[in-house]
Amino acid sequence: MDKQQEIKNVAQSLNMKPYKKGWNSATHDRSYVPRIELQTQSSKLVDLETAIMKSGLKDGMTISFHHHFREGDKIINMVVDKLAQMGYRDLQLASSSLSDVHAPLIKHIQNGVITRIQTSGLRGELADAISHGLMDNPVIFRSHGGRAAAIENGELHIDVAFLGASSCDYLGNANGYSRSGREKSICGSLGYAKVDAENADKVIILTDNIVTYPNVPVTISEGDVDYIVLVDEVGDASKISSGAIRDTKNPHDILLAETAAKVVEHSGYFYDGFSLQTGSGGASLAVTKYLREAMITKNIKARYALGGITSHMVKLHEEGLIDKLLDVQSFDLVAATSLKNNRFHQQISASTYANPFENGSAINWLDVVILSALEVDTEFNVNVLTGSNGVIRGAIGGHPDTAAGAALSIVVVPLIRGRIPCVVDKVTTLITTGDCVDVVVTDQGVAVNPARPEIEQRLRKAKLPIMSIQELKDKAESVIGKPDSLVFGEKIVGVVTSRDGAVLDTIHQIIDEQI
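Residues numbered from 1 in each chain as written. Predicted model: local features only at pLDDT ≥ 70, side-chain atom pairs only at ≥ 80, totals over all residues. Heavy atoms only, no water.

## Regarding the pairing of strand β8 (residues 202-207)
Judged by how many residues are buried, β8 sits mostly within the fold: five of six residues are covered. Pairing between strand β5 (residues 160-165) and β8: six bridges, direction parallel. Following the sheet pairing, Val-160 is matched in β8 by Lys-202. The pairing of β8 with strand β10 (residues 227-230) spans four bridges and is classified as parallel. Residue pairing for β10: Leu-206 is matched across the bridge by Val-229. (Buried < 20%, exposed > 50% of the residue type's maximum accessible area, 1.4 Å probe, protein only. Helix = DSSP H or I, 4+ residues; strand = E, 2+ residues; numbered from the N terminus. Pairing = 2+ DSSP bridges.)

## Considerations on a negative patch on the surface
A contiguous patch of negative charge on the surface is contributed by Asp-100, Glu-125, Asp-128 and Asp-512. Within the element layout of this structure, Asp-128 appears in helix α6 (residues 124-131). Asp-128 sits in the partly exposed class, given a relative accessible area of 35%. (Patch = residues over 30% accessible without salt bridge, like charges linked within 9 Å, V, L, I, M, F, W, Y side chains within 5 Å. Areas by Shrake-Rupley, 256 points an atom, 1.4 Å probe, with all protein chains shown as cover. Salt bridge = Lys/Arg side-chain N within 4 Å of Asp/Glu carboxyl O. Lys, Arg positive; Asp, Glu negative; His and termini not counted. Charge placed at Lys NZ, Arg CZ, Asp CG, Glu CD.)

## Examining the pattern of salt bridges
All chains considered together, the criterion is met by 18 salt bridges. The salt bridge involving Lys-3 is made with Glu-6; its shortest N-O contact spans 3.3 Å. Of this pair, Lys-3 and Glu-6 both sit in helix α1 (residues 3-13), three residues apart, which is roughly one turn of that helix. Owing to a relative accessible area of 57%, Lys-3 belongs among the exposed residues under this scheme.

## What about the sheet that holds strand β6 (residues 167-169)?
In spatial order, the strands read β7-β6-β9; together these three strands make up an open sheet with mixed pairing. Two strands bound the open sheet, and with one partner strand each, they are β7 (174-175) and β9 (210-211). With two bridges joining them, β6 and β9 adopt parallel strand pairing. The partner of Cys-168 across the bridge, within β9, is Ile-210.

## Overview of the domain arrangement of the protein chain
Partitioning the protein chain into domains gives domain 1 (40-240) and domain 2 (251-485). In total, about 2600 Å² of surface goes out of reach between domain 1 and domain 2, with carbon and sulfur atoms giving 59% of it. Looking at the side of domain 1 facing domain 2, the largest losses of area belong to Ser-189, Tyr-192 and Ile-240, adding up to 17% of the total buried there. Applying the counting criterion to the domain 1 and domain 2 interface returns zero salt bridges. Contributions of two or more residues to the side of domain 1 that touches domain 2 are made by α6, α7 (144-152) and α8 (191-199). (Domains from an automatic or database assignment. Buried area = accessible area lost by both parts, 1.4 Å probe.)

## A short note on empty space enclosed by the protein
Under the definition given, this model contains one cavity of 30 Å³ or more. The space that makes up the largest cavity amounts to roughly 40 Å³. Forming the walls of the largest cavity are His-144, Arg-147, Ala-148, Ile-151, Tyr-192, Val-195 and Ala-350. Going through the elements one at a time, α7 and α8 are the ones with two or more residues in the lining of the largest cavity. It is α7 that provides the largest number of residues to the lining of the largest cavity, a total of four residues. Split by residue class, the lining of the largest cavity holds five nonpolar, one polar and one charged. (1 Å grid on protein atoms, 1.4 Å probe; cavity = no way out; pocket = protein on both sides within 12 Å on 5 of 7 lines; lining within 4 Å. Points joined across faces, edges and corners; volume = space filled by probe spheres on them. Nonpolar A, V, L, I, M, F, W, Y, C, P; charged D, E, K, R; others polar.)

## Regarding the pairing of strand β2 (residues 91-95)
Burial analysis of β2 places five of its five residues in the buried class, which makes it a mostly covered element. Alternating residues of β2 divide into Leu-91, Leu-93 and Ser-95 and Gln-92 and Ala-94, and every residue in both groups is buried. Direction of pairing for strand β1 (residues 62-65) relative to β2: parallel, over a ladder of four bridges. Its bridge partner being in β2, Ser-64 is matched across the sheet by Ala-94. Remark: the β1/helix α4 (residues 75-85)/β2 crossover connection has right-handed handedness. Running through helix α5 (residues 105-110), the crossover from β2 to the neighbouring parallel element strand β3 (residues 114-119) is right-handed. (Right-handed = clockwise from strand over helix to strand, strands pointing away.)

## Thoughts on the packing of α7 against α8
Put simply, α7 and α8 touch, their axes get as near as 10 Å, and they point 10° apart. In terms of orientation, α7 and α8 fall into the roughly parallel class. Taking contact as the criterion, the partners of His-144, Arg-147, Ala-148, Ile-151 and Glu-152 in α7 are, on α8, Tyr-192, Val-195, Asp-196 and Asn-199. (Axes fitted to C-alpha atoms, helices over the stretch in contact; angles between N-to-C directions. Parallel < 35°, antiparallel > 145°, perpendicular 65-115°, else oblique. Contact = heavy atoms within 4.5 Å.)

## Overview of the packing of aromatic side chains
Applying the stated criterion across every chain, the model contains two aromatic pairs. Plain terms: the ring middles of Phe-65 and Phe-162 are 5.7 Å apart, the flat faces sit at 15° to each other, and that makes the pair stacked. Separated by 97 residues along the polypeptide, Phe-65 in strand β1 and Phe-162 in strand β5 bring together distant segments of the chain. For the pair formed by Phe-65 and Phe-162, the shared burial category is buried. Ring centres of Phe-270 and Phe-274 lie 5.3 Å apart, and the angle between their planes is 65°; on these two criteria the pair is classed as edge-to-face. Relative accessible area serves as the criterion here: at 9%, Phe-270 is assigned to the buried category. In this structure Phe-274 comes out as buried when scored by relative accessible area, which is 0%. The ring of Phe-344 has Lys-324 sitting right over it, with the charged end atom 5.2 Å from the ring centre. (Phe/Tyr/Trp six-rings, centres within 6.5 Å; stacked < 30°, edge-to-face > 60°. Lys NZ or Arg CZ within 6 Å of the ring centre and 35° of its normal.)

Written out as structure tokens, the structure is:
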């Protein structure tokens, strides 16, 4: 038997093809063009309309976006405007979160382009309109970890992901910054986008900064990217720290921060090598400042800080007080720049951050998380999504994920906000269940969950102002009285899911004329 016949026989037995030149048309032909020039001929680089057409998007499908540019996002409105122009209808929009800047989506909901939404949060005019019954279908709210899990297990199937990137090379390697020094828009971590890129059927990168190959380090890999669209602007970097992210000079917030830092210090979880995360509210962010003082005094360093990373965390990292930063979302330009420049400031995906079904998720190795709230009730349940008027005005974010994963979860909230009590009989909307909340810090006292008597004992020993949660509620009502109940309609406008994918609560249409 000659060699060629032997190869044919072996190939047949292995259900393979015998080799001959050009047998596989999917293989790229060899080119003698200089590679710097060849890059610019990438078939992935197309205009937005062409990318949409080639993606195979059809009416009724699901499109996804990330919110790393927060109030500076330029992508969602741009893409949905184009989809409306092209005649698409009945689409589900699955964005990691939505903000004030996305108010133009209202008209696309009204005209039937967008008929379903899944997200972590809503703010501004869009949130108000949805709260008043804009949509026929309720919005599905998921935590950041819950969203990642739903995408990975197929419960939330993404047909086409439209992902803004601060830089991208001609083959699709994308990032939230650029080491070329030419980025027009920087957002830092693309932790939420990474899950979409790895699981969507088709991925379209929109960027205002095409760089030469290879664009390293790589956040979104070329193997996950189908098309690249060059646009004028993907985002306004000056607005990534707007919305929920705020520093504070409010004396109530400062008092909350000082007290919360003392709770951490005396909790039993403040030791050399501890790990922490702080939330996005003014008081929870300010805790970092007071923890810094205690860390220096007691010669304590943190092993890592997690979550949305801010300039406060970067400062502690650069001072050597925090060894490593694990960044799922950069909350300001200082953090975004640090991610580019600091070796041990690393970005992680939303799944690595908070997937409830992964034991290795970083939240499960947190010692302490400090979170904010709109309301806390006498069962330690927390609401971070709807305001005192019943209107959606926030985001679930990683609140229930981190509270469930950390060894110690602390919620900081003023006893009274304006003329509204923040400690109530029952939260308007249940987001984080009370079994995951250990300590509630207010400006009038500290309540410890009865399930954590060892924490209460340590805090009493440290002379912190310990009260029961019921005493805090009664104190608030003694000042301003018991608030009137809200009046809701029958229509369900939102469905809150637990981090592991069950229906946790519902949000009903708000009726403006409260009685």
